[in-house]
Amino acid sequence: MFHLIESQQFSREILFKLFERADELRGSGSDCLRGKVMASLFYEPSTRTRLSFESAMLRLGGDVIGTENAREFSSVVKGESLEDSVRVIDDYCDCIVIRHNEEGAARKASEVSKVPVINAGDGKGQHPTQALLDVYTIYREFGNLDGLKIAMVGDLANGRTVRSLCYLLGKFEGIEIVFVSPLNLKMKDDIKKYLIEKNVKFREENDLNNILGEVNVIYMTRIQKERMSIEDYEGAKGRFVINQSNFELINERIRILHPLPHVEEIDLPMSVEEDDKRVAYFRQAENGLFIRMALLDFILNGKTG
Ligand code: CP
């Protein structure tokens, strides 16, 4: 792997090696990226992805350059194309982590870059490192991925995290997926076609409470106001919510994941979010740091352990 653009690029073997390396790096420090520079180029807002990538690089002895708001603070303001920006930035660094509002932007960057490009989210396209940390989290919570039943809930039409996660789950055996979404935000056909090709069972539901007791993982997502009309948003928001009353239907072995940020689709008291093992999304965000450390080591040093 030189560039990381889509989650289909990971093989099952590489995934397990990255999990192992992430566990190792969690327990012990390393300066395996000393002398390397990562450019973080974010054209869309981010808290977790940008800061965990930057922290991962710094914790491994590397350095970081970049801009948290490239649409405002880079020469894009003066009309520079993405390709020209990348052609220049690749001389200043050893890899580029890019988030962009346009689907396909990371691939476009990779086509002109001399250094590895990592897709940190491209519009409604993919978010492969989020999917990587999602499967790593499921693996850590359950010790396994094969044979699990996973509900994906919310804005499945615009969600790049659920798209990338479906591609990764297709690498495992006996996976079942239940898609729960408003009618206008259903999972797209290209993903369904991929799941059929990979023999992954899936079905669609529109009552969240019906499936809370039957799955292992409830993967909640935010209704992405910024990617739809106000009418669509008003029709969809608040339809699928985990709150104190339906939380009771979720047994102790089930885990709730969310790529975050969450808004009204999770309505639990802070004490439950902090103390209840079923709430896994803050552990998930923390796992993002260690798996991104492993990924940077793999991409920049060719090492998984
Ligand atoms: N999950 C995720 O991509 O979060 P950020 O938008 O904060 O990076």
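What counts, and at which threshold
Residues numbered from 1 in each chain as written. Predicted model: local features only at pLDDT ≥ 70, side-chain atom pairs only at ≥ 80, totals over all residues. Heavy atoms only, no water. Buried < 20%, exposed > 50% of the residue type's maximum accessible area, 1.4 Å probe, protein only. Helix = DSSP H or I, 4+ residues; strand = E, 2+ residues; numbered from the N terminus. Pairing = 2+ DSSP bridges. Domains from an automatic or database assignment. Contact = heavy atoms within 4.5 Å. Buried area = accessible area lost by both parts, 1.4 Å probe. Salt bridge = Lys/Arg side-chain N within 4 Å of Asp/Glu carboxyl O. Nonpolar A, V, L, I, M, F, W, Y, C, P; charged D, E, K, R; others polar. Axes fitted to C-alpha atoms, helices over the stretch in contact; angles between N-to-C directions.

Asks: I keep staring at the pairing of strand β3 (residues 95–100) and nothing clicks. Help me out?
Replies: The side chains of a regular strand alternate, first on one face of the sheet and then on the other. Of all six residues that make up β3, six are buried, and the element is covered over most of its length. Residues C95, V97 and R99 line one face of β3 and the alternating positions I96, I98 and H100 line the opposite face, and both faces are buried. As defined by bridge partners, strand β1 (residues 37–42) adjoins β3 across five bridges and the pair is classed as parallel. Directly across from S40, in β3, lies its bridge partner V97. Judged from the four bridges that link them, β3 and strand β4 (residues 117–122) form a sheet pairing that is parallel. Considered in β4, the bridge of V97 is made with I118.

Asks: Quick question: what am I supposed to make of the domain arrangement of the protein here?
Replies: How big an interface is tends to be stated in terms of the accessible area lost upon association of its parts. What the domain assignment reports for the protein is domain 1 (7–126 + 288–300) and domain 2 (128–284). One C-alpha centre belongs to domain 1, the other to domain 2, and the line joining them spans 25 Å. If you look at the interface, domain 1 gives 30 residues, while domain 2 gives 27 residues. Between domain 1 and domain 2, a total of about 2600 Å² is buried, with carbon and sulfur atoms accounting for 58% of that surface. The largest share of the area that domain 1 buries against domain 2 comes from R12, F19 and K124, three residues that together contribute 24% of it. For the pair domain 1 and domain 2, the number of links is four salt bridges. The salt bridge partner of R12 is D146, with a shortest N-O separation of 2.9 Å. Looking at the side of domain 1 that touches domain 2, the elements with two or more residues in it are α1 (12–27), α2 (48–59), β3, β4 and α13 (281–301). When grouped by side-chain class, the residues that make up the side of domain 1 that touches domain 2 number ten nonpolar, eleven polar and nine charged.

Asks: Please explain the sheet that holds strand β5 (residues 149–153) as it appears in this structure.
Replies: Sheet strands pair by backbone hydrogen bonding; their relative direction is either parallel or antiparallel. Spatially, β7-β6-β5-β8-β10 is the arrangement adopted by the five strands of the open sheet, whose pairing is parallel. Each end of this open sheet is capped by a strand with a single partner; those strands are β7 (201–205) and β10 (255–257). Sheet twist, expressed as the average angle between the axes of neighbouring strands with direction ignored, equals 20°. Alignment of β5 against strand β6 (residues 176–180), held across five bridges, turns out to be parallel. Residue A151 lies in a different strand from β6, and its bridge partner there is V178. In the packing of helix α6 (residues 128–142) onto the sheet, the strands contacted are β5, β8 (217–220) and β10, and the crossing angle to β10 comes to about 170°. Strands β6 and β7 of the sheet are contacted by helix α8 (residues 189–197), whose axis makes an angle of about 145° with β7.

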